Amino acid sequence: MLKTPPAAPITPAPRSPGHAEGVSNDQFRAALSRLAAGVVLLTAREASLDPDDAGAPPGEDAGMTATAFMSVSLDPPLVMVSLRNGSRMDDLLEEQPLWAVSLLSESQSHIAGRFAMKGRLSDRLLFEDIPYVRGEHTDAPLVGGALATLECRTQQRVVAGDHTLYIGHVLSAALPSAEGGPLMYFRGRYRGLG
């Protein structure tokens, strides 16, 4: 009869301050940077400052690059995006239930980079030279040349740690461009699929 030697004990990862579970922010980021993700531009239109006054200035457009976006359900059609708590877009979507998503093509990395900048310009200037149309259901910008666009209404908000998950019911879907592949984010850089 063969005897199996005892298994070597498994050594847990060293614990880092502030994380009782044993993973540091840097370790977590490094591990998840190996997960390739599609890149979208999330957009919404702020409500007018005075919706009862036809002469009041309209609300501004807002946009944000996101990689934490996914399909949730086919019936009903649901998608989800994850937003950092307290970000401009989180604050806006807490008040405004209508939003849109443009799935960016590999030729649109400049758009992704523009809307992901820290200390960036105002949203009004960011949209200035980008071709877009307004969504019929949301009035939000839908980027021209995107591989697909979706218009959504928030169905549920779920606070999850330092982010909030917005689950949106898809009101419309379109395929404005059949050209090119998707824009991907992998190991801290925008890339094409190939």
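Residues numbered from 1 in each chain as written. Predicted model: local features only at pLDDT ≥ 70, side-chain atom pairs only at ≥ 80, totals over all residues. Heavy atoms only, no water.

## Here's the deal with the sheet that holds strand E11 (residues 184–186)
Going by this rule: Any two strands with at least two DSSP-identified bridges between them are counted as paired. A run of DSSP states H or I qualifies as a helix once it reaches four residues; a run of E qualifies as a strand once it reaches two. Both are numbered from the N-terminal end.
Taken in spatial order, the 3 strands of this open sheet run E1-E11-E12, and their pairing is antiparallel. Unpaired on one side and paired on the other, strand E1 (37–38) and strand E12 (189–191) mark the two borders of the sheet. Bridge analysis of E11 against E12 gives 3 bridges, and the strand direction is antiparallel. Residue pairing in the sheet places Met184 in a bridge with Arg191 of E12.

## Some thoughts on the confidence of the model for the protein chain
Low-confidence regions, as indicated by low pLDDT, have predicted coordinates that should not be scrutinised in detail. Put simply, the test is: Confidence of the predictor at the level of single residues is given by pLDDT, which spans 0 to 100. Residues are treated as being in contact if the distance between any of their heavy atoms lies within 4.5 Å.
Mean pLDDT over the protein chain works out to 85, with 86% of the residues at or above the 70 mark. Here helix H1 (residues 25–32) stands out as the element of the protein chain with the lowest mean pLDDT, 81, in contrast to strand E6 (residues 98–103), whose mean of 98 is the highest. Overall, residues 11–16 carries pLDDT values under 50, and its contacts beyond four positions in sequence, including any with other chains, amount to 7 contacts.

## As for the side chain of Thr154
Heads up, the rule is: Under this definition, polar contacts are N or O atom pairs within 3.5 Å; protein pairs additionally need one hydrogen-donor-capable and one acceptor-capable atom, and for neighbouring residues in sequence, both atoms have to be side-chain atoms.
Tracing the chain through its elements places Thr154 in strand E9 (residues 148–160). Here Trp99 takes part through its side chain, which lies 2.8 Å from a polar atom of the side chain of Thr154. With residues up to four places along the chain from it excluded, the contact list for Thr154 reads Pro97, Trp99, Tyr166, Ile167 and Gly168.

## A few points about the sheet that holds strand E2 (residues 40–45)
Defined as follows: Axes here mean lines fitted to C-alpha atoms, for a helix over just the part in contact, with angles spanning 0 to 180 degrees between N-to-C directions.
Judged by pairing direction, the sheet is antiparallel, and its 7 strands sit side by side in the order E3-E2-E6-E9-E10-E5-E4 without closing on themselves. Strand pairing shows two members of the sheet lacking a second neighbour, strand E3 (61–66) and strand E4 (69–73), which therefore form its edges. Adjacent strand axes in the sheet meet at a mean angle of 35 degrees when their direction is disregarded. Bridging between strand E5 (residues 78–84) and strand E10 (residues 163–174) involves 7 bridges; their strand directions are antiparallel. Counterpart to Leu83 in the pairing with E10 is Thr164. Contacts between helix H3 (residues 109–116) and the sheet are confined to E2 and E3, with E3 contributing the most and set at about 110 degrees to the helix.

## Overview of the side chain of Ser82
Here is the rule: Exposure classes here rest on a 1.4 Å probe applied to the protein chains alone. A residue is buried below 20% of its type maximum, exposed above 50%, and partly exposed in between.
Here Ser82 is to be found in strand E5. A residue is classified by how much of its surface remains accessible, and Ser82, at 16% relative accessible area, is buried. Each residue touching Ser82, except ones within four places of it in the same chain, is listed here: Ala68, His163, Thr164 and Leu165.

## Remarks on H3
Owing to its 3.6 residues per turn, the α-helix brings residues three or four apart onto one side. Selection criterion: In this description, one arc is meant: the one made by directions from the helix axis to the C-beta atoms.
Where H3 is concerned, the buried positions are Ile111, Ala112 and Phe115. Seen end-on, H3 carries its buried residues on one side only, within an arc spanning 100 degrees. In this structure, the buried side of H3 is in contact with E2, E3, helix H4 (123–127), strand E8 (141–143) and E12.

## A short note on the layout of surface pockets
Leftover empty space is mapped by rolling, across the atoms, a probe with the size of a water molecule. Just so we agree on the cut-off: For each structure, a 1 Å grid was placed over the protein atoms alone; sets of points admitting a 1.4 Å probe that cannot get out are labelled cavities, open sets with protein on both sides within 12 Å along at least five of seven lines are labelled pockets, and lining residues have an atom within 4 Å of a point. Grid points are joined across faces, edges and corners, and a volume is the space filled by probe spheres set on the points. In this classification, the charged set is Asp, Glu, Lys and Arg, the nonpolar set is Ala, Val, Leu, Ile, Met, Phe, Trp, Tyr, Cys and Pro, and all remaining amino acids, among them Gly, are polar.
One number sums up the size of the largest pocket: a volume of about 1,700 Å³. What lines the largest pocket is a set of 39 residues, and nearest its centre among them are Thr67, Ala68, Ser82, Arg84 and His163. Taken together, the elements giving at least two residues each to the lining of the largest pocket come down to H1, E3, E5, helix H2 (88–95), H3, E10 and E11. When residues in the lining of the largest pocket are grouped by element, the largest group, 5 residues, is from E3. Taken together, the residues that form the lining of the largest pocket break down as 20 nonpolar, 11 polar and 8 charged. Of the voids in this model, the second largest pocket is the one considered here, and its volume is about 150 Å³. What lines the second largest pocket is simply Gly38, Val39, Val40, Thr67, Phe69, Leu103, Leu104, Leu147, Pro182 and Leu183.

## Some details on the pairing of E5
Counting buried positions along E5 gives 6 out of 7 residues, so the element sits mostly inside the fold. As defined by bridge partners, E4 adjoins E5 across 4 bridges and the pair is classed as antiparallel. Among the inter-strand pairings, Ser73 is bridged to a residue of E5, identified as Leu78.

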